[in-house]
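# Fold and geometry: a report
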Amino acid sequence: MEKVVLMHEKIVDIIVGESKEVNKKLKNKISVELREAAPLFGENGILDSIALVTLLVAVEQSVEDEFDFPVILADEKAMSQKNSPYQSIGALAQYVGSLLKE
Amino acid sequence: MRIEELQQRLEQYSEIEAIIHKHQLFSYRDLLRLTESWFQRLAQNKIEPGTVVAVTSDYSADAIALMAALILNKNIAVPLTPLAKTQFNEYFKTSYTQSIIDLTQTTFRISDRKNDPLQNDLLRNLIEQQHPGLILFTSGSTGQAKAVVHDFEKLLTKFTHANKGYRSLVFLMFDHIAGIDSYFYSLYSGGTMIFPVSRLPKEICGLIEKHRVEVLPASPTFLNLLLLSGEHLRHDLDSLKIITFGSERAPQSLLKRLKNNFPQVRLVQKYGLTELGSPSSKSMEADASWLKIDSPRFKTKIINKRLHIKSDAAMLGYLNAPDPFTGDGWFDTGDTVEVKGEYLRILGRESEIINVGGEKVFPVEVEEVIQMMPGVEDVVVSGVPYPITGQIVKASVQLETKETLSEFRQRMRDFCEEKLPRFKIPQKVTLAKDSLHGDRFKKMRG
């Protein structure tokens, strides 16, 4: 259990880190200080599609670097989830975690 | 123009140096003798006028003489370099090749295939009119290569006025329209061709120095490699007068570096297509990426930013694809261009445009920016499919630095920030270990 929590924290760190990077180019910035609660895309979301894609690709790459396991964050599966993994940093972290556990 | 003029020109230039290859010198008289001996060999091997003959070879005096002999014998020539070896069988079949002359061996080999060019309307017309023909393959990076048929007589007409014989390094491929244009221009104008054995910057610079080369036709990718190698600083290249480049658009940053390194050289951007040949063109003095098509035999018009060309030197058609010409003879080049007065700037091929969520990105404009970053040896930008935006921009980068991928990605984003709109900054980056250009020194996208 502890391991899973640690992994989740690690993933949140990665997404927060990449969000800070993406923020540099954004007028409406991701509220990285909210960490998991920070809205990304969709309802309350502040990202447009290009910012979202930039973030997703960056997270994909970092997750692969960190866990040595490739993940795809934008595919049919991700987009057909009941709760969109793109709505917040927390939701995205959870989705990444679920892919890594598979 | 009568093809006999080719022979007359070779006779007229007699003592002038025609070809230098592997330290061997061939005068025009030597070349004419070689041509005659090939002409006889064709007859001995019962290769009659109208036969489709593939020539597999890289540059050599024999290869040039054989091409000339095939024209005089009114054959349909299919030049192929060994680089295309894996496709040879497909090419032979598509082009209705009946005889294959392989010059890549030290001894030449003639083999026969049972094909019948009379089955194809374009080839049958050529044969009935007793005109020599030329079949070339488009080096399309995607999909099937198209077989382009030219009437060789029509194609050569544009050289009737060729009169400035330069000493040029023949760099472009033997089976590429730009290569064919450069060697026939040289033959018609009494120029001297220097053939390289490899295409390494060191060898090329060595040949320029040794043989006092005046014209270097190359590709932007090769010129970039040349500058990076530093070989131009270790050789005396003062003889160079003109550098031409085509086949892909040269990035601004490269043009600037060329100008700084070769202040005495005129930079000329060429434009050419396998289907149309390359018209003579002039480059804008201040910025060589702008060119003016300067040939009475090529008419241009622009529709929806796309360049259309009409020319009587154009191909007859494709052997394996529908006729692309409009009823009144215009050809849609598929190239998007900017226009400034009489000058054009090629932005890129429609098929290479990356569409990121409805926004258009030309690979070249992104490559230009990334190429300016210190430590970047080479870069190729392409589109990769990605849900949400349809495509994203991917940059494959070859680095001189020891940065990790994430270090470089961060630096690249910071560097691009002021220079590119957000959607054009590559979302995906990969570091390439191997060279990013093909054997033909052209960037490989996708």
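Please read all numbers here as calculations on a predicted model, not as lab measurements.

Once that is clear, we can look at the nonpolar core. One finds L31(B), V53(B) and V55(B) to be the most contacted residues of the largest nonpolar core, which totals 104 residues. Counting residues per element, this core draws most heavily on helix α3 (residues 61–72) of chain B, which supplies ten residues. Dropping the residues within four chain positions of it, V53(B) is found in contact with I47(B), L70(B), N75(B), I76(B), A77(B), V78(B), S99(B) and I101(B). If you look at the next biggest cluster of nonpolar residues, it comprises 49 residues, including F41(A), V63(A), I354(B) and V369(B).

Once the domains are mapped, chain B shows domain 1 (4–157) and domain 2 (353–431). In this structure, domain 1 of chain B and domain 2 of chain B have C-alpha centres spaced 42 Å apart.

This part is about helix α2 (residues 28–44) of chain B. Counting along an α-helix, one turn takes 3.6 residues, and residues three or four places apart therefore face a common direction. Residues and elements named next belong to chain B. Its 17 residues give α2 an end-to-end C-alpha distance of 24 Å, which sits within 8% of 24 Å, the value for a rise of 1.5 Å per residue. Taken as a whole, α2 has its buried residues at Y28, L31, L32, L34, T35, W38 and L42. Considered in projection along α2, the buried side chains sweep an arc of 160° and stay on one side of the axis. Away from its buried face by more than 90 degrees, α2 exposes Q40, A43 and Q44. Of the surrounding secondary structure, the elements contacted by the buried residues of α2 are α1 (4–13), β1 (17–21), β2 (24–27) and α3. One or two steps after α2, the chain reaches K46, where phi turns positive at roughly 55°.

This part covers the pairing of strand β24 (residues 390–399) of chain B. Residue and element names in this part refer to chain B. The buried fraction of β24 is high, at seven of ten residues. As defined by bridge partners, strand β23 (residues 376–386) adjoins β24 across ten bridges and the pair is classed as antiparallel. From the neighbouring strand, V384 faces β24, where its bridge partner is I392. Connecting β23 to the antiparallel partner β24 that follows it, the hairpin turn spans three residues, and I388 within it adopts a positive phi of roughly 80°. Chirality of the crossover, the property in question, places the unit of β24, helix α12 (residues 405–416) and strand β25 (residues 428–431) among those that are right-handed.

All names here are of chain B. At a minimum axis distance of 8 Å, the contact between α2 and α3 shows a crossing angle of 60°. Here α2 is positioned oblique relative to α3, judged by the angle of their axes. For the pair α2 and α3, the sense of crossing is right-handed. Touching L31, L34, T35, W38, F39 and L42 of α2 are A61, D62, I64, A65, L66, A68, A69 and L72, all from α3.

Parameters at a glance
- Residues numbered from 1 in each chain as written.
- Chains lettered and ligands numbered in written order.
- Predicted model: local features only at pLDDT ≥ 70, side-chain atom pairs only at ≥ 80, totals over all residues.
- Core = buried A, V, L, I, M, F, W, Y, C linked by C-beta atoms within 7 Å.
- Buried ≥ 20, exposed ≤ 12 C-beta atoms within 10 Å, placed from the backbone.
- Helix = DSSP H or I, 4+ residues; strand = E, 2+ residues; numbered from the N terminus.
- Contact = placed C-beta atoms within 7 Å.
- Domains from an automatic or database assignment.
- Expected span 1.5 Å × (residues − 1).
- Arc of directions from axis to C-beta.
- Pairing = 2+ DSSP bridges.
- Right-handed = clockwise from strand over helix to strand, strands pointing away.
- Axes fitted to C-alpha atoms, helices over the stretch in contact; angles between N-to-C directions.
- Parallel < 35°, antiparallel > 145°, perpendicular 65-115°, else oblique.
- Left-handed = near helix turned anticlockwise from the far one by under 90°.

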